[in-house]
Amino acid sequence: MTEHRIDGVLTMLVETGVEDEVWAIQDNRHITFVAQDEVLVERWSYEGTHVLETGDTLTVYDATDSDTIVWEGLVRLIKDRQEGVDPVVWCNWFINQHSGSLFRPSGFRSNE
């Protein structure tokens, strides 16, 4: 069965050889916590990382209240910037790893 919605954490990917920012969401189901040197460390799997695509519907939640939506709309990226959203605000949502939901009409492919 193809899934069309992911709930997770917004993130900005940095990849060698890529000049522009890459906006993505990390699926909550692929975030684990492990004890390392007496500290609980969050681990993200590549399988759960999904890059935003034009045509997706993104919902961004408030950093302190995950029930409050701060932005929702169609993803329309132009030169790595979301049309109609202040670039600094957009970037901060991903750098500060806001919670989000992503709906993709075509469904999500596995990154395995």
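Residues numbered from 1 in each chain as written. Predicted model: local features only at pLDDT ≥ 70, side-chain atom pairs only at ≥ 80, totals over all residues. Heavy atoms only, no water.

Engineer: Which residues make up the overall build of the protein chain, and what are the values?
Structural biologist: Scanning the protein chain from N- to C-terminus turns up one helix and 10 strands. Ordered by position from the N terminus, the helices and strands of the protein chain form the series β-β-β-β-β-β-β-β-β-α-β. Rg of the C-alpha trace for the protein chain: 14 Å, near the compact-globule value of 13 Å for 112 residues, within the 12% margin. Referenced to the eigenvectors of the C-alpha coordinate spread, the extents of the protein chain come out at roughly 45 × 35 × 35 Å. Every one of the 112 residues in the protein chain was classed for burial, and the buried ones make up 34%. For the protein chain, contacts bridging at least 24 residues in sequence account for 54% of all contacts bridging at least 6. For the protein chain, the exposed surface amounts to about 7,200 Å²; the carbon and sulfur share of it is 49%. Distance between charge centroids for the protein chain: 6 Å, based on 8 positive and 21 negative side chains. (Helix = DSSP H or I, 4+ residues; strand = E, 2+ residues; numbered from the N terminus. Rg over C-alpha atoms; globule rule 2.2 N^0.38 Å. Buried < 20%, exposed > 50% of the residue type's maximum accessible area, 1.4 Å probe, protein only. Contact = heavy atoms within 4.5 Å. Areas by Shrake-Rupley, 256 points an atom, 1.4 Å probe, with all protein chains shown as cover. Lys, Arg positive; Asp, Glu negative; His and termini not counted. Charge placed at Lys NZ, Arg CZ, Asp CG, Glu CD.)

Engineer: Account for the environment of Val51, naming residues and giving values.
Structural biologist: Secondary-structure assignment places Val51 in strand β5 (residues 49-51). Taking relative accessible area as the criterion, Val51 reaches 36% and is therefore assigned partly exposed. Remark: the alpha-carbon pair of Val51 and Trp23, spanning 28 residues in sequence, is separated by 5.8 Å. When residues no more than four places from it in sequence are discounted, the contact partners of Val51 are Leu13, Val22, Trp23, Ala24, Asp56 and Arg104.

Engineer: Requested: an account of the pattern of salt bridges, with residues and values cited.
Structural biologist: A full pass over the atoms with the stated rule returns six salt bridges. The residue Asp56 makes a salt bridge to Arg104 at a minimum N-O spacing of 2.7 Å. Placement of the pair is Asp56 in the loop between β5 and β6 (57-61) and Arg104 in the segment after β10 (99-103), with a sequence separation of 48 residues. As far as the burial class goes, Asp56 and Arg104 line up, both buried. Note that Asp80 is salt-bridged to Arg81, the shortest N-O span being 3.6 Å. Taken together, the shared-partner salt bridges connect Glu21, Asp80 and Arg81 into one network. (Salt bridge = Lys/Arg side-chain N within 4 Å of Asp/Glu carboxyl O.)

Engineer: Account for the side chain of Thr59, naming residues and giving values.
Structural biologist: Relative to the helices and strands, Thr59 is located in strand β6. We classify Thr59 as buried; its relative accessible area is 7%. Looking at Thr59, its side chain comes within polar contact range of the side chain of Glu72, at 2.7 Å. Thr59 has contacts with Ile69, Trp71, Glu72, Ser99, Gly100 and Ser101, leaving out every residue within four places of it along the chain. (Polar contact = N/O pair within 3.5 Å; in protein donor to acceptor, adjacent residues only side chain to side chain.)

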